[in-house]
Amino acid sequence: MTAVTAPPRELAKSGIVAWLVTTDHKRIGILYMLTSLGFFLIAGFLADVIRLQLAAPQQNIVGPAAYNQVFTLHGTAMIFLFVAPFGFGLANYLIPLQIGAPEMAFPRLNAYSFWLFLLGGLTVFAGVVTQGGAASAGWTAFAPLSDVRVSAGVGQDLWILGLTMTSISGIMTAINFLVTPIVFRAPGMSMWRIPIFTWEMIATALLIMMAFPPLTTAFAMLLLDRHTGARFFDPGSGGDPVLYQHIFWFFGHPEVYVMILPFFGVITEVVAVFSRKPVFGYTGLVLAAFAIAGLSMGVWAHHMFTTGAVANPFFAGMSFLIAVPTGIKFFNWIATMWKGAISFETPMLFAIGFMLNFLIGGITGVMLASPPIDYHAEDSYFLIAHFHYTLGGGSMFAIFAALYFWFPKIWGAKLDERLGRIHFALMFLGFNLAFLPMFFLGVMGMPRRVYTYPAQAGWGLLNLSSSIGAALITIGTAVLVWNVIVSLRKKEPLPDDPWGGGYSLEWATSCPPPEFNFRALPPIRSKRPAFDLHHPEYAKDSQK
Amino acid sequence: MPVRFVALAAAVALTGCAAIPHDATQQAGVMQGVWAIFITAAAVVYALVAGLIVWAAIAYRRRDPATVQGAGFSQNVPLELAWTVIPLIVVGGLFAVTYPAERHVESVVTPPAETVQVTGFRWSWRFTYPRAHVTVEGTSDKPPELVLPVGRTTEIRLASSDVIHAFWVPAFLFKRDAIPGIVNVYDYTPLREGVYPGRCAEYCGTYHAHMSFTVRVVSPEEFARWLRDHGTAA
């Protein structure tokens, strides 16, 4: 199959204007990734405020009103403006390259979705300068806490409007992720040859299309409740606060997988390249991605076990089942490493860190899926520890793996390896120091979203450990920023495949790739076209 | 090597169990059993999978920097079926542990020996004993005390008068949401006399952190005396 229409011509080739008007998928991908990393730095700073306030009992560095805005914006930015959009940016950059296409299927829609995302993020943060401050109802904005009678400030409205924009932006970008690999594949690139990362993005796109419209609906209903007296969620008028939770989590649980499936793809690619092995269990990995996506549509109410308003056993059983395809991913990664020739450059270090951390997040997720455990652990620091192990120790580590792995492809320069190792060491140590103690804090009875705690509770030492961990993570992030600045200066000519062992098509074009990606496409006769091109003597292994 | 993993798993499991509060209610005893099984299973699975990851990384490190490709295999259907079916059996087992425990914890005795209406509001709690006409109401500065008789089943009727709260007694390993427009009903059967801290677990606004209370479990005689002393006549 070939492109049916020529990609739109760029209005400007260089300078700021070129970036403002671009419809080039690579530039849009870079804009997405840079913007999301910017929000990551802000959300990380907010996490430091949280850890400073909680470092010791009964502190008043920030008061309750400010603290509640801080954790609301921290969660909102990390989830809606960092983890998911970084995956979108990476996918924008990589999908056309991996399937041998010159562009996304809908380049203008792509540009629109990025700018709408940026506007949405800025709208959420604009609440900071309004009277009453930013939203403070948590990233979940449960009714009736988010109702106008309780959260009167315009900050809450800006939060709802901003996230509605990012939600619509996500739906549009998902259309591109779904259509492009189906219709724009290069000759020879059958569906069963496209790289796992692109497969994961197809599953992600389907999830977005099913999950984001309900989010937009929930937010529209909140706005109508707030400003037109619609009373969808007002029990005084026959409305139901539990209804909001159903709609929100019908989005919210698939969203969890929108934030992890792309990074399962990243880990698959990184592990195979640095193990110098073909991906093990390609078919199993693809089927597992769709099994996870499918199951994730039927588990939302495990966030609602303590409401007493849902069929707990059904949702517990469905949630347990997700462990099976997730386990398949882990076993396939291990089998990919098995009998390989593994080297430990920074992307691989972060990939191994991902596996060790996400494993903890996944296993404690199975625990939380059991209602008799959830009745104690829900909304405690046990839950905070669990989802930070999936989204921080998991997705964030995979984001760093991706950053180091594809940086030479995107910028034509490798990140410094020594600084990369320091970054990884600080992150791995800091992350576990910060979040492992939280499991124990939760079991001991510390609830989430409290701005302070009494000294006699005995939680001081574990919280201090957590705050020291946060400091190490912050230093690690500073090392990363320094690494990027230093490495960008020393551009040197790189081969098409700077790591060696790259197998997907992006490693068969220059670093960075030219406009429309390929000067000439290599023949595509297996799942490893770039590897076959560079190492024809091993091409027979690609055919298995 | 496997022996060491199992020993490590057992150590982690024991530490985990020790961190869990002792069974202060009959229902908590059942839930503690579920915790113990899950923590043990979690520790074994973690030790096994993390062990494999670390083992593979060390055993198959690149010795010759010029290696272009390690082994060339990329599938093994029997193995892949095995690591699909075995986890399926494991989660089936976990469900079998979960289901009866949940049924037990959720079951409500009728008629209960005692009933307390618990109402959450921003930012404290009101405890009403309807039969004795006793009401205790706290403030965020003065947390209220819920008094329960030991060895008897008390029905809690949980509600909220504004936003959603959650009534959590960590020592009872249990919380339930207090939702406006809904009355959530469940039982406590305390087994040990003592004073247990409790707090709101569902974020409810500015002073959520101060929405605490205590539960005091006393002998039935003391409970009757307490009700008399706090009745409307007093």
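### Focus on the overall build of chain A
So, step 1. Helix and strand content of chain A: 17 helices and zero strands.
So, step 2. Rg of the C-alpha trace for chain A: 23 Å, near the compact-globule value of 24 Å for 544 residues, within the 12% margin.
So, step 3. Taken over 544 residues, chain A has a buried fraction of 68%.
So, step 4. When contacts within chain A are restricted to residue pairs at least 6 apart in sequence, long-range pairs at least 24 apart make up 80% of them.
So, step 5. Here chain A has roughly 17100 Å² of accessible surface; of this, 70% comes from carbon and sulfur atoms.
So, step 6. Distance between charge centres in chain A, computed from 30 positive and 26 negative side chains, equals 7 Å.

### A look at the packing of helix H2 (residues 25-54) of chain A against helix H15 (residues 460-489) of chain A
All names here are of chain A.
So, step 1. Two elements in contact, H2 and H15, have axes whose closest approach is 9 Å; the angle formed by their N-to-C orientations is 155°. What the angle tells us is that H2 and H15 run roughly antiparallel. For the crossing formed where H2 meets H15, the hand is left-handed. Residue-level contacts link Phe40, Leu41, Asp48, Arg51 and Leu54 of H2 to Asn463, Ser466, Ser467, Ala470, Thr474 and Thr477 of H15.
So, step 2. The residue inventory of the contact of H2 with H15, partitioned by class, reads four nonpolar, five polar and two charged.

### Some details on helix H3 (residues 64-99) of chain A
Residue and element names in this part refer to chain A.
So, step 1. Between its terminal C-alpha atoms H3 stretches 51 Å, which fits the 52 Å expected from 36 residues at 1.5 Å a residue.
So, step 2. Approximately 35° is the largest bend angle found in H3, and it occurs at Pro85.
So, step 3. The buried fraction of H3 is high, at 33 of 36 residues.
So, step 4. Taken from the residues just after H3, Gly100 is the one with a positive phi, measuring 75°.

### Side note on the interface of chain A and chain B
So, step 1. Contact with chain A, which involves 89 residues of that partner, is made by 74 residues of chain B.
So, step 2. Regarding the contact of chain A and chain B, the summed buried area is about 7000 Å², with carbon and sulfur atoms giving 71% of it.
So, step 3. Contact with chain B buries area across many residues of chain A, yet A:Phe280, A:Tyr375 and A:His376 alone supply 10% of it, more than any other trio.
So, step 4. Taken together, chain A and chain B are joined by zero salt bridges.
So, step 5. Our enumeration of links across chain A and chain B arrives at 28 residue pairs in polar contact (both at pLDDT 80 or more).
So, step 6. Counting only elements with at least two residues in the side of chain A that touches chain B, the list comes to H3, helix H7 (241-258), helix H8 (261-275), helix H10 (312-337), helix H11 (346-368), helix H12 (371-377) and helix H14 (417-444) of chain A.
So, step 7. Per-element accounting of the side of chain A that touches chain B gives the leading share, 14 residues, to H10(A).
So, step 8. In terms of residue class, the side of chain A that touches chain B is built from 57 nonpolar, 21 polar and 11 charged.

### Overview of the sheet that holds strand S10 (residues 212-218) of chain B
Backbone hydrogen bonds hold the strands of a sheet together, and the pairing may be parallel or antiparallel.
All names here are of chain B.
So, step 1. Across the sheet, five strands lie side by side as S4-S10-S9-S6-S7; this open sheet has mixed pairing. This sheet does not close on itself; its edge strands, each paired only once, are strand S4 (145-149) and strand S7 (174-178). Strand-to-strand twist of the sheet, defined as the mean angle between neighbouring strand axes without regard to direction, takes the value 25°.
So, step 2. Note that strand S9 (residues 194-200) and S10 share six bridges and pair antiparallel.

Thresholds, definitions, all that
Residues numbered from 1 in each chain as written. Chains lettered and ligands numbered in written order. Predicted model: local features only at pLDDT ≥ 70, side-chain atom pairs only at ≥ 80, totals over all residues. Heavy atoms only, no water. Helix = DSSP H or I, 4+ residues; strand = E, 2+ residues; numbered from the N terminus. Rg over C-alpha atoms; globule rule 2.2 N^0.38 Å. Buried < 20%, exposed > 50% of the residue type's maximum accessible area, 1.4 Å probe, protein only. Contact = heavy atoms within 4.5 Å. Areas by Shrake-Rupley, 256 points an atom, 1.4 Å probe, with all protein chains shown as cover. Lys, Arg positive; Asp, Glu negative; His and termini not counted. Charge placed at Lys NZ, Arg CZ, Asp CG, Glu CD. Axes fitted to C-alpha atoms, helices over the stretch in contact; angles between N-to-C directions. Parallel < 35°, antiparallel > 145°, perpendicular 65-115°, else oblique. Left-handed = near helix turned anticlockwise from the far one by under 90°. Nonpolar A, V, L, I, M, F, W, Y, C, P; charged D, E, K, R; others polar. Expected span 1.5 Å × (residues − 1). Bend = angle between axes of the 7 residues up to and from the residue. Buried area = accessible area lost by both parts, 1.4 Å probe. Salt bridge = Lys/Arg side-chain N within 4 Å of Asp/Glu carboxyl O. Polar contact = N/O pair within 3.5 Å; in protein donor to acceptor, adjacent residues only side chain to side chain. Pairing = 2+ DSSP bridges.

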